[in-house]
Amino acid sequence: TQFALVATGQTVSAVAQGFLLSAPPLISVHWFDASTRTFATAVGTNANQLGIAAGFLLSPALAAVGAADDAAAAIDTVQLLVGV
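For the structure given in this document, a descriptive report is provided here. Position numbers for residues count from 1 along each chain, tracking the sequence in the order it is written. Whole-chain, interface and lining totals are the exception, using all residues; otherwise, since this is a predicted model, local features are given only for residues with pLDDT of at least 70 and side-chain atom pairs are given and counted only at 80 or more. Neither water nor hydrogens contribute to the side-chain values; these are computed over all heavy atoms in the structure.

1. Quick notes on a nonpolar patch on the surface
So, step 1. Patch membership requires over 30% relative accessible area and the absence of a salt bridge. Like charges are linked within 9 Å, and nonpolar side chains (Val, Leu, Ile, Met, Phe, Trp, Tyr) within 5 Å. Note on areas: these come from Shrake-Rupley sampling with a 1.4 Å probe, and a residue is covered only by the protein chains present in the view. By convention in these notes, a salt bridge is any Lys or Arg side-chain nitrogen within 4 Å of a carboxyl oxygen on Asp or Glu. Taken together, Ile27, Trp31 and Phe32 make up a surface patch of nonpolar side chains, about 360 Å² in accessible area.
So, step 2. Helix and strand labels come from DSSP, where a helix needs a run of H or I of at least four residues and a strand needs a run of E of at least two; each type is numbered from the N terminus. You can see Trp31 is positioned in helix H2 (residues 23-31).

What follows is the structure, given as structure tokens:
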């Protein structure tokens, strides 16, 4: 059912969140020196939040699509925009 699909998606998202939210500080420790580490962590953390905002902003475009072919094209466009 659709409820099971939504519940599964929420569970996967909840499990992944612990790994994704701790990634920017870990990456900045290994890739940046002490003078730029704080800035790199801030950029990585804010990029995560901007990705979430993009998902909220682009979701209505997917919901407004009528035909299945248009939905596939809209999903490709959203993936392209979020990827950039």
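2. Things to note about helix H1 (residues 2-21)
So, step 1. A helix is expected to span 1.5 Å multiplied by its residue count minus one. With 20 residues, H1 extends 28 Å between its outermost C-alpha atoms, agreeing within 8% with the 28 Å of an ideal straight helix rising 1.5 Å per residue.
So, step 2. Working definition: with a 1.4 Å probe on protein chains only, accessible area under 20% of the residue-type maximum means buried, over 50% means exposed, and in between means partly exposed. Judged by how many residues are buried, H1 sits mostly at the surface: 0 of 20 residues are covered.

3. Some words on the packing of H1 against H2
So, step 1. For helices, the fitted line uses only the C-alpha atoms of the stretch in contact; every axis is such a line through C-alpha atoms, and the angle between N-to-C directions lies from 0 to 180 degrees. Running from N to C, H1 and H2 point in directions that differ by 30 degrees, and their axes come no closer than 5 Å. Comparing their axes, H2 and H1 come out roughly parallel. Contact residues: Phe19, Leu20 and Leu21 in H1; Ala23, Pro24 and Pro25 in H2.
So, step 2. When grouped by side-chain class, the residues that make up the contact of H1 with H2 number 6 nonpolar, no polar and no charged. Relative orientations are named as follows: roughly parallel for angles under 35 degrees, roughly antiparallel for angles over 145 degrees, roughly perpendicular for angles from 65 to 115 degrees, and oblique for any other angle. Any pair of residues with heavy atoms lying within 4.5 Å of one another is described as a contacting pair. In this count, Pro and Cys sit with the nonpolar residues alongside Ala, Val, Leu, Ile, Met, Phe, Trp and Tyr, while Asp, Glu, Lys and Arg are called charged and the others, Gly among them, polar.

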